[in-house]
Amino acid sequence: MRNSVVTSIKKIALKDKNVMLLSADMGFSVFEDFEKELPKQFLNVGISEANMVGVSAGMALSGKRCFLYTFAPFVSMRCFEQIRIDLCYQNLDVVLIGLGGGLTYAKEGSTHQSVEDIAIMRAIPNMKVFCPADPIEAEICIVEAYKKKGPTYIRIGKSGEPRLHDKKPKFSFGKSIHIFKGNDISIFSTGNMLKTAMDTAKILKDKGISVNLISMPSVKPIDYKAISFAASKTKCIFTIEEHSIVGGFGSAVLEALSKLSIMARIKCFGVNDCFVKYVGDQDFVRRKIGLDSDSISNKILKKLGI
Amino acid sequence: MKNKINKLTFTSMEVRKKILELITKSKSSHIGCAYSLVDILIVLFYEILNVNKIKSVSPDRDRFVLSKGHACVALYVILSKLGFFNKKILNTYYSNNGRLAGHPVFGSVPGIEASTGSLGHGLSIAAGMALSAKLDNKKYSVYTIIGDGECDEGSIWEAALFATHHKLNNLTVILDKNGFQGYGRTSDVLSLEPLRRKWEAFNWNVKEIDGHNILQIYNSLANIKSKKPLLIIAKTVHCKGIPFMEDSLMWHYRSPKEDEFKKALCNFGDKIK
Ligand SMILES: Cc1ncc(C[n+]2csc(CCOP(=O)(O)OP(=O)(O)O)c2C)c(N)n1
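Parameters at a glance
Residues numbered from 1 in each chain as written. Chains lettered and ligands numbered in written order. Predicted model: local features only at pLDDT ≥ 70, side-chain atom pairs only at ≥ 80, totals over all residues. Heavy atoms only, no water. Helix = DSSP H or I, 4+ residues; strand = E, 2+ residues; numbered from the N terminus. Buried < 20%, exposed > 50% of the residue type's maximum accessible area, 1.4 Å probe, protein only. Contact = heavy atoms within 4.5 Å. Areas by Shrake-Rupley, 256 points an atom, 1.4 Å probe, with all protein chains shown as cover. Lys, Arg positive; Asp, Glu negative; His and termini not counted. Charge placed at Lys NZ, Arg CZ, Asp CG, Glu CD. Core = buried A, V, L, I, M, F, W, Y, C linked by side-chain atoms within 4.5 Å. UniProt positions renumbered as here; feature names shortened; annotations may be inferred. Salt bridge = Lys/Arg side-chain N within 4 Å of Asp/Glu carboxyl O. Near = heavy atom within 4 Å. Polar contact = N/O pair within 3.5 Å; in protein donor to acceptor, adjacent residues only side chain to side chain. Nonpolar A, V, L, I, M, F, W, Y, C, P; charged D, E, K, R; others polar. Phe/Tyr/Trp six-rings, centres within 6.5 Å; stacked < 30°, edge-to-face > 60°. Domains from an automatic or database assignment. Buried area = accessible area lost by both parts, 1.4 Å probe. Expected span 1.5 Å × (residues − 1). Arc of directions from axis to C-beta.

Caption draft 1: Region of interest: the overall build of chain A. Across its full length, chain A holds twelve helices and twelve strands. Projected onto its principal axes, the C-alpha coordinates of chain A cover approximately 60 × 40 × 35 Å. Counting the 306 residues in chain A, one finds 62% classified as buried. For chain A, long-range pairs separated by at least 24 residues make up 77% of all intrachain contacts whose partners lie at least 6 apart in sequence. Total accessible area computed for chain A in this model is approximately 12400 Å², and 52% of it derives from carbon and sulfur atoms. Side chains of chain A give 43 positive and 31 negative charges; the mean places of these two sets differ by 6 Å.

Structure follows, in structure tokens:
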């Protein structure tokens, strides 16, 4: 995802001289080409995330379009108030890119895990929140963020994730991407859980359950239509995210149901309200906390009484 | 003294070798960042800190906080050598179902006094510990190691102001000046110089030493008497100890491949276990 993000920003930056890529001392062996080709449009501010956000606000107020890049927890949590006031209060055109969302860097400990970022970013007025699932979704998110303006948070993984879409899906802010059609239950997945959600749907299909599977990179604004369709046409909605169950994507779906005054059966899968203390790689930790396709499909079957 | 230095030098070789093995096996990053502070850590833990009190978690223990948490593999190796936890646990470093993450986690093993890894936190935590010692009339000292790049963070300078205002002369900060940070040389990314004069202007007592000279490290840390907090600027070399890997940012990120590992091992000879 990282490479497709950098390539997409570069494409935009080549056409628009006001586009700047700012890093808080990250991107070794990733940004060198960009820096060489567009030296005036690249800036490493140093290990100073709060300063980076403030500087980007000043630049936005002076006509620049900044893309900010560092680890997800540092770009969202370290400088939360700068984001809230400098960027969102003033509704400025700044895009935050959070590398290693969720448990991507599980092995590094909780400092490098990012399972509260969606919740806090989502809570700020004017902020848009995107969690792409694969390199193609990531590319679309970057282009959308540039086109639609305003403060935007894009939560990505690392590098080397597989492409999950055969061809470029149709997607824009507030919309979602249909993966499988089905009429028994609905699964909504955001960001890097899509592969797990697809595997879950396949397991369920083998058990005779047909799944309406939706990828929802746009967490805010969220796709009300897809939610109301799922609530009316399928028995039950399940949400999957690599994020705390407090305030994240599942909560956004619940809020949408509340706003639409729809009663629905829904269950949210995510990280429980605790720090993940297991040491291990992303897949290992996912299995430990029940965020893998086997655990999720078992729980869904149980919930359906099968 | 000479004997002592020889012994500590030998220990530092053993620690470096173990770090190399752990990093290679677990394919983790930060070998260069760990090697630059090994000698400082060794003097601290073998000569300066009241290690037995730390082990027994006595309220009178000295406190050590590794602010540049990404170098924690060095701390893990030393803690294990000193018997804080056993070798089996050490060997689970950065592996599935292990106890030791890539950054220090408070409570994961004895001896880790704070969760660090997000840069710019450790100095404030250390200042809070030092202030508490004053409030409680306790004699313990507090030590922390920060990186030069870490000094980009505003929080470092907030804590620097705080520490002198509150006369925390029981606080010692060692600045591991290896000249690198995440994306390049510190001098290219964000100039810190004149570093000494900055800290002096913040009213700190400042010393400058060679961060790989055991005697200089020891002399800078032993018998500290001052009314002010102390900053030791330790000039270090990234990945010091393996010549072909020294002073190159690549070793912030990469772990050695098999042939590089073998080549690196040659530095240690047969005597180092
Ligand atoms: C708040 C924060 N921002 C970014 C990082 C990512 N990061 C880890 S180490 C590092 C460079 C640190 O440089 P320095 O303090 O000089 O220590 P060295 O690597 O030289 O040992 C960076 C940017 C981080 N861990 N925490």
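Caption draft 2: Expanded view of the nonpolar core. Core analysis: the biggest nonpolar cluster contains 64 residues, and Phe-67, Ile-97, Ile-185 and Ile-187 of chain A have the highest contact counts within it. Look past the residues within four positions of Ile-97 of chain A in its chain and what remains in contact with it is Val-5, Ile-9, Phe-67, Leu-68, Tyr-69, Thr-70, Val-75, Ile-142, Ile-154 and Ile-156 of chain A.

Caption draft 3: How the structure looks around the UniProt feature "domain: Transketolase N-terminal" (unreviewed entry) in chain B. Per the UniProt entry, the sites bearing "domain: Transketolase N-terminal" (unreviewed entry) are residues 16-269 of chain B in this numbering. Note that residues 16-269 of chain B is 41% helix and 11% strand, and that its end C-alpha atoms are spaced 12 Å apart.

Caption draft 4: Seen up close, the pattern of salt bridges. All names here are of chain B. The tally for this structure, following the rule as stated, stands at 21 salt bridges over all chains. A salt bridge links Lys-4 to Glu-47, with the nearest nitrogen and oxygen atoms 3.3 Å apart. With Lys-4 in helix α1 (residues 2-26) and Glu-47 in helix α3 (residues 38-48), the pair connects residues that are 43 residues apart, well separated along the chain. You can call Lys-4 partly exposed: its relative accessible area is 33%.

Caption draft 5: Examining the UniProt feature "domain: Transketolase-like pyrimidine-binding" (unreviewed entry) in chain A more closely. Under the UniProt annotation, "domain: Transketolase-like pyrimidine-binding" (unreviewed entry) lies at residues 1-163 of chain A. The distance separating the terminal C-alpha atoms of residues 1-163 of chain A is 9 Å; by composition the span is 41% helix and 17% strand.

Caption draft 6: Spatial organisation of the site of the ligand. Taken together, 23 residues are adjacent to the ligand, and Glu-49 of chain A together with Lys-68, Gly-117, Asp-148 and Gly-149 of chain B come closest. Chains contributing residues near the ligand are chains A and B. For the ligand, an oxygen atom lies 2.6 Å from a polar atom in the side chain of Asp-148 of chain B. Burial of the ligand by the surrounding chains reaches 98%, relative to a free accessible area of 580 Å². Class assignment of the residues belonging to the shell around the ligand gives a composition of six nonpolar, ten polar and seven charged.

Caption draft 7: Representation of the packing of aromatic side chains. All names here are of chain B. Under the criterion given, the structure shown has 16 aromatic pairs over all chains. Measuring from ring centre to ring centre gives 5.5 Å for Phe-45 and Phe-64, while their planes differ by 80°; the resulting arrangement is edge-to-face. Of this pair, Phe-45 sits in helix α3 while Phe-64 sits in strand β1 (residues 63-66), and the two are 19 residues apart along the sequence. A single burial state applies to Phe-45 and to Phe-64, both of which are buried.

Caption draft 8: Spotlight on the domain arrangement of chain A. Residues and elements named next belong to chain A. Domain parsing of chain A yields domain 1 (2-155) and domain 2 (177-303). Using C-alpha coordinates to define each centre, domain 1 is positioned 26 Å away from domain 2. Counting residues at the interface gives 28 residues for domain 1, matched by 30 residues for domain 2. Between domain 1 and domain 2, a total of about 2100 Å² is buried, with carbon and sulfur atoms accounting for 56% of that surface. Summed over the shared surface of domain 1 and domain 2, the number is one salt bridge. Between domain 1 and domain 2 we count 18 residue pairs in polar contact (both at pLDDT 80 or more) in total. Examining the composition of the side of domain 1 that touches domain 2, we find that four residues originate from one element, helix α6 (residues 117-122), more than from any other. Taken together, the residues of the side of domain 1 that touches domain 2 break down into 14 nonpolar, seven polar and seven charged.

Caption draft 9: The arrangement of helix α3 (residues 49-60) of chain A in detail. Residues and elements named next belong to chain A. The terminal C-alpha atoms of α3, which comprises twelve residues, lie 16 Å apart, in line with the 16 Å expected from a rise of 1.5 Å per residue. Of the positions making up α3, those classed as buried are Glu-49, Met-52, Val-53, Ser-56, Ala-57, Met-59 and Ala-60. In an axial view of α3, the angular spread of the buried residues amounts to 165°, which keeps them on one side of the axis. Check the buried side of α3 and you find it contacts β1 (19-23), β3 (65-71), α4 (72-76), α5 (80-89) and β4 (94-99).

Caption draft 10: The arrangement of the environment of Ser-255 of chain B in detail. All names here are of chain B. Its place among the elements puts Ser-255 in the loop between α12 (250-253) and α13 (258-265). Separated by 224 residues in the primary sequence, Ser-255 and Ile-31 have C-alpha atoms spaced 7.2 Å apart. Not counting residues within four places of it along the chain, the set of residues in contact with Ser-255 comprises Ile-23, Lys-27, Ser-28 and Glu-260.

Caption draft 11: The interface of chain B and chain A, seen in detail. Contacts between the two partners involve 30 residues from chain B, matched on the other side by 27 residues from chain A. Interface area for chain B against chain A, summed over the two sides, is near 2200 Å², with a carbon-plus-sulfur share of 53%. Summed over the three residues of chain B that lose the most area to chain A, namely Tyr-94, Asn-96 and Tyr-183 of chain B, the buried surface amounts to 32% of that side. Remark: the boundary between chain B and chain A carries one salt bridge. Of the charged contacts, one joins Glu-153 of chain B and Arg-78 of chain A as a salt bridge, the two residues approaching to 3.4 Å between their closest N and O atoms. The tally of links between chain B and chain A comes to 17 residue pairs in polar contact (both at pLDDT 80 or more). For the side of chain B that touches chain A, the class distribution of residues is eleven nonpolar, 15 polar and four charged.

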